[in-house]
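Geometric and topological summary
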Amino acid sequence: MIDISTLKNKDIVEKMANYEKVFWLNPNVGSAPCPFGIEEINDAEARLARFAPFILKAFPDTAETMGIIESPLKEIPEMKKALTKMTGDFPGKLYLKMDSHLKVSGSVKARGGIYEVLKLAEKIAMEAGMLKETDDYSILLEDRFRELFGKYSVQVGSTGNLGLSIGIISAKLGFKVTVHMSADARQWKKDLLRSKGVTVIEYPQDYQVAVAEGRKASAGDPLCHFVDDEGSEDLFFGYSVAAKRIIPQFEEAGIVVDENNPLYVYIPCGVGGAPGGVAFGLKTIFGDNVHIYFAEPTHSPCMTLALVTGLNAKICCADIGLDGKTAADGLACGRASYLVADLMTPIVEGCYTLQDEELYPFLAALKDTEGIFIEPSSTASFIGPALVNKPGTHILWATGGSMVPQEEADVYYNKGKA
Ligand SMILES: *Cc1c(COP(=O)(O)O)cnc(C)c1O
């Protein structure tokens, strides 16, 4: 435990320690340049384009987008009406970015997670002299590559969705893959992974323990790649590609982003990689005209705590006595990513927290008004537009849900209606 009275913004931290909701605006926006820029995003985008023929062949349900794993941006006017009643009014149109419906693994992790494993596979295949950038990457499905990748293993610690992404893509390529799952992980995710030949190790403890165990199990093995959710640049750049791909979607929807038409984006945050990567990408492209907010549960607000105190990854939720227990399983991370907390300090506009009970009514309302189901973690952002309450385009970034089994989806929905 830490003496809260010694911390920066101790009044806010005191509220957080009591599981109260907070809304914090970041005074450090724009205070430092980002060490990364458009080159890193372009590089990741080009790599994903090289892999498109492979993805298309390996996952035929990506045919509509020709092997590019991308999600729709949808205006949700009926949900806007419902949200206005639930949280208060706000000016401007409301959109849903449906990373909840990304193909292959059904969550935002289909961006960063899959990207990191593809990058690894490309490096190994090129070093073996078996692949060139100009090749048709669908050759990676041939047995000779499976044999090559079979000599290597991939490990990751996860609350569920990252494990799902890493497990599915690694198994498809032929890597030996082990997913270290925290207690929050849903049974169906473990079952699905095991059905694909992934080794799933379960821990009765939280996400930090699962990551630490994965790191330990991988250490010292040159043929093992550990996907480090607390500090991976590859994950981060994989997520950032979303920002480039949204440009044509804005054109198609008639969305203008400029001085007079600001963009507000609200993203649920766990360890920070996914929202951080998206935020970095959007900020690199839209600059001062985009304002990004992170949303977290009151029981596990690791990034809010990191940024509010300025201690970044040097403080964790347990330090202020929080139990970390939340129905937003994808956000159940006790300590922010050291990479992302530092990078977000001058980028994120603000952070807010909400109570678990608020997640389900939003989930049910989205289903009722727009016919779209997303998982509880995904609705953490929904109080944002009314909190910010500024004129502009508002995007709720939905982060997961399309692969949740129907029975489980019904349980969530019914909780929201009760
Ligand atoms: C992982 C995840 C997030 C947050 O991503 P982080 O990289 O952990 O911050 C949000 N929502 C869902 C559904 C997720 O699976």
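Each chain carries its own residue numbering, running from 1 in the direction its sequence is written. In view of the model being predicted, local features appear only for residues whose pLDDT reaches at least 70, and side-chain atom pairs are presented and counted only at 80 or more, with totals across whole chains, interfaces and linings using the full set of residues. Remark: hydrogens and water are excluded; side-chain values derive from all non-hydrogen atoms of the structure.

Considerations on the side chain of Ser105
Tracing the chain through its elements places Ser105 in the loop between β3 (94–98) and α4 (109–127). By definition, residues are in contact when any of their heavy atoms lie within 4.5 Å. With sequence-adjacent residues up to four places away left out, Ser105 is seen in contact with Ala110, Ile114, Leu164, Ser165, Ile168 and Met403. Runs of E in the DSSP output that reach at least two residues are strands. Runs of H or I that reach at least four are helices, and both are numbered from the N terminus.

A short note on the pattern of salt bridges
Here, a salt bridge means any Lys or Arg side-chain nitrogen found within 4 Å of an Asp or Glu carboxyl oxygen. This structure, assessed with the given rule, holds 26 salt bridges. As a salt-bridge pair, Arg111 and Glu70 come within 2.7 Å of each other at their nearest N and O atoms. Here Arg111, found in helix α4, pairs with Glu70, found in the loop between α2 (38–58) and β2 (73–75); they are 41 residues apart in sequence, far enough to count as distant. Glu70 carries the same exposure label as Arg111, and that label is buried. The partner of Arg245 in a salt bridge is Glu70, with the nearest N and O atoms 2.9 Å apart. Highlighted residues: Arg245 in helix α9 (residues 233–253) and Glu70 in the loop between α2 and β2, separated in sequence by 175 residues. The burial state of Arg245 is the same as that of Glu70; both residues are buried. Among the charged side chains, a network of salt bridges with common partners joins Asp43, Arg47, Arg50, Glu122 and Glu133. The buried label applies to any residue whose accessible area, calculated with a 1.4 Å probe on protein chains only, is under 20% of its type's maximum; exposed applies above 50%, and partly exposed to all values in between.

Notes on the domain arrangement of the protein
Each domain of the protein was delimited in the assignment, giving domain 1 (4–36 + 67–104 + 236–417) and domain 2 (53–62 + 108–233). Boundaries between domains were set according to an automatic or database domain assignment. Summarising the inter-unit geometry, the C-alpha centres of domain 1 and domain 2 are found 26 Å apart. Taken residue by residue, the interface counts 37 residues in domain 1 and 31 residues in domain 2. Our count for the domain 1 to domain 2 interface comes out at six salt bridges. Within 3.5 Å is the distance limit for a polar contact, defined as a pair of N or O atoms, with the added protein rule that one can donate a hydrogen and the other accept it, and that residues adjacent in sequence qualify only through two side-chain atoms. Taken together, domain 1 and domain 2 are joined by 12 residue pairs in polar contact (both at pLDDT 80 or more). The set of elements that each furnish at least two residues to the side of domain 1 that touches domain 2 consists of α9, α12 (338–344) and α15 (406–417). Among the elements that make up the side of domain 1 that touches domain 2, the one with the highest residue count is α9 (six residues). Any residue outside Ala, Val, Leu, Ile, Met, Phe, Trp, Tyr, Cys, Pro, Asp, Glu, Lys and Arg is labelled polar, Gly included; the first ten of those are nonpolar and the last four are charged. Of the residues that constitute the side of domain 1 that touches domain 2, the class distribution is 21 nonpolar, seven polar and nine charged.

So, the nonpolar core
For our purposes a nonpolar core is just a set of buried Ala, Val, Leu, Ile, Met, Phe, Trp, Tyr and Cys residues, chained together by side-chain atoms within 4.5 Å. Phe54, Phe149, Leu282, Met344 and Trp397 are the most contacted members of the largest nonpolar core, which has 143 residues in total. Split by domain, this core shows at least three residues from each of two domains, domain 1 (4–36 + 67–104 + 236–417) and domain 2 (53–62 + 108–233). For Leu282, the residues in contact, after removing those within four places along its chain, are Ala243, Ile246, Val265, Gly287, Val290, Ile292 and Trp397.

What about the side chain of Thr379?
The residue Thr379 is located in the loop between α13 (356–370) and α14 (384–388) in this model. Since its relative accessible area comes to 0%, Thr379 is described here as buried. Ignoring sequence-local partners within four residues, the contact set of Thr379 consists of Leu354, Leu359, Phe362, Leu363 and Ile374.

Observations regarding the sheet that holds strand β4 (residues 153–158)
The strands making up a sheet are joined through hydrogen bonds of the backbone, oriented either antiparallel or parallel. Strand pairing is assigned whenever DSSP detects at least two bridges linking the two strands. Spatially, the four strands line up as an open sheet ordered β6-β5-β4-β7, and their pairing is parallel. Strands at the two margins of the open sheet, each flanked by one partner only, are β6 (199–202) and β7 (224–227). The sheet shows a mean angle of 20 degrees between the axes of neighbouring strands, direction not considered. Pairing between β4 and strand β5 (residues 176–181): six bridges, direction parallel. Within the sheet, the bridge partner assigned to Gly157 lies in β5 and is His180. Axis lines are fitted to C-alpha atoms, over the contacting stretch for helices. Their N-to-C directions set the angle, which ranges from 0 to 180 degrees.

Digging into α15
Helices are assigned an expected span. That span is 1.5 Å times one less than the residue count. Helix length check: α15 (12 residues) gives 16 Å between terminal C-alpha atoms against 16 Å at 1.5 Å per residue, within 8%. When we look at burial in α15, the residues that qualify are Ala409, Tyr412 and Gly416. Looking straight down α15, one finds its buried side chains confined to an arc of 65 degrees; they lie on one side. Summarising the geometry of α15, the exposed residues directed more than 90 degrees from the buried face are Glu407 and Lys417. In the core, the buried residues of α15 are packed alongside α13. Here the arc refers to the set of directions running from the helix axis out to each C-beta atom.

Side note on the site of the ligand
Nearness here has a simple test: a residue counts as near a molecule or strand if at least one of its heavy atoms is within 4 Å of that partner. Neighbouring the ligand are 16 residues; Lys109, Asn161, Gly270, Gly272 and Thr399 lie closest to it. Contacts to the ligand include Asn161, whose side-chain N or O atom sits 2.7 Å from an oxygen atom. Interatomic distance of 2.7 Å between a backbone N/O atom of Gly272 and an oxygen atom of the ligand. The accessible surface values rely on the Shrake-Rupley method and a 1.4 Å probe; as for residues, cover is taken only from the protein chains in view. About the coverage of the ligand: the protein hides 98% of its 380 Å² of free accessible area. Of the grid points, spaced at 1 Å and generated over the protein atoms alone, those admitting a 1.4 Å probe that cannot get out make up cavities, while open sets with protein on both sides within 12 Å along at least five of seven lines make up pockets; any residue with an atom within 4 Å of a point is treated as lining. Occupancy of a cavity or pocket is assigned to a molecule whenever over half of its atoms lie within 2 Å of that pocket's grid points. For the ligand, the cavity whose grid points lie within 2 Å of the majority of its atoms is the largest cavity.

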